[in-house]
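Below, each chain spelled out in residue letters.
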Amino acid sequence: MKQNNQNNKRRNQDNQEPEEINELIVFGRNAVIEGMKSGRSVDKLLMIESGHQEGSAQKILGLAKDMNILVQYVAREKLDQLSNQGKHQGVLAFMAAHDYVELEVLFEKAKKREEAPFFIILDGIEDPHNLGAIIRTANITGAHGIIIPKNRAVSLTATVAKTSAGAIEYTPVCKVVNLVRTIEDLKSKGIWVAGSDMKGTSMYDVDFKGPMALVIGSEGKGLSRLVKEKCDFIASIPMKGNVDSLNASVAAGVLMYEALRQRNT
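Each chain carries its own residue numbering, running from 1 in the direction its sequence is written. For this predicted model, a pLDDT threshold of at least 70 governs which residues receive local features, and a threshold of 80 or more governs which side-chain atom pairs are given and counted, while totals over whole chains, interfaces and linings are taken from all residues. With hydrogens and water excluded, all non-hydrogen atoms of the structure serve as input to the side-chain values.

Trainee: What is the right way to read the pairing of strand S2 (residues 42-48) from this model?
Mentor: If a strand is regular, its side chains alternate between the two faces of the sheet. Relative accessibility thresholds used throughout: buried, under 20% of the residue-type maximum; exposed, over 50%; partly exposed, between the two (1.4 Å probe, protein chains only). Helix and strand assignments come from DSSP, with helices taken as H or I runs of at least 4 residues and strands as E runs of at least 2, each series counted from the N terminus. Among the seven residues of S2, seven are classified as buried, and the element is accordingly described as predominantly covered. Pairing between two strands requires that DSSP report at least two bridges joining them. Bridge count between S2 and strand S4 (residues 91-95): five bridges; the pairing is antiparallel. Bridge pairing in S4 links Leu45 to Ala93.

Laid out in structure tokens, this is it:
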């Protein structure tokens, strides 16, 4: 998401993404610049809170703007912690474990397989283990790709890649700025959108056979209001027991397998 310097300096907690300490962190101005120039996907940049950014720091900000990379300003102590007291020079980059793709790649994959598109949209999944498990199940059940939001959600970290058990290499992931607009775009292209919520219609009564996108809400909060309003259907999972909710990746798996059952009949 493009942001000007003034907006970047506002430490809005609502716009912050879950962070994970892993080997995909690059710090130091020259290392970050080279990483950005290499073409590798960058999830976000952290820069030290200070006054005017000069020299190579300004160059990094320019590259981030051109590449549509989120920039967050943090205290020096945060960078010290994440870099393990390394010489971060006031900047640190979170590199993605795998490259993201454009939305059209998902359509192309469905067309190549001569199948009706089947996409999985994740509305704010924050646990990397959940994201990795969903990517793995999506691959097994024949989904043509995953769509995740740019903010307030986990990205393709090393843990996600490991949990996916290799599925990340075969399941394209598209990262978008605005899920609501993306859903509107999908609907304009003939995709029906089904959200997941315990108060919806039984999944057995929802038609998953045609061009379809399945939306899974975040852990604990479920679907956001605006995303839910854009869904054509709301699908629920029948439950019989003393608890009334499932882990996000488990719920996603149940719904994906119902979609697979319908689409293979």
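Trainee: Explanation requested: the nonpolar core in the structure shown.
Mentor: Here is a general trend for soluble globular proteins: nonpolar side chains tend to be buried in one another's company. Core analysis: the largest hydrophobic core is formed by 34 residues, its most contacted members being Ile120, Leu122, Leu131, Ile146 and Leu156. Among the elements of the structure, strand S5 (118-123), helix H6 (128-140), strand S6 (145-149), strand S9 (212-217) and helix H10 (248-263) are those that each provide at least two residues to this core. Sort the elements by how many residues they give to this core and H10 lands first, with six residues. In this analysis, two residues are considered to be in contact whenever any of their non-hydrogen atoms come within 4.5 Å of each other. Each residue touching Ile146, except ones within four places of it in the same chain, is listed here: Leu106, Ile120, Leu122, Ile134, Ile135, Ala138, Thr171, Pro172, Val173 and Cys174. The term nonpolar core refers to a set of buried residues drawn from Ala, Val, Leu, Ile, Met, Phe, Trp, Tyr and Cys, joined through side-chain atoms within 4.5 Å.

Trainee: How do you make sense of the sheet that holds S9 when you look at a structure like this?
Mentor: In any sheet, the strands associate via hydrogen bonds between backbone groups, in a parallel or an antiparallel arrangement. Taken in spatial order, the six strands line up as S7-S6-S5-S9-S8-S10 in an open sheet, and their pairing is parallel. Only two strands of the sheet have a single partner each, and these edge strands are strand S7 (173-176) and strand S10 (233-236). Geometrically, the sheet is characterised by an average inter-axis angle of 30° between neighbouring strands, direction not taken into account. In this sheet, S9 lies alongside S5 in parallel orientation, the contact comprising six bridges. Paired with Phe119 across the strands is Ala213, a residue of S9. Relative to the sheet, helix H8 (residues 179-188) contacts S5, S6, S7, strand S8 (192-202) and S9, its axis offset from that of S5 by approximately 160°. Note on method: axes are straight lines fitted to C-alpha atoms, helices fitted across the in-contact stretch only, with angles between N-to-C directions ranging 0 to 180 degrees.

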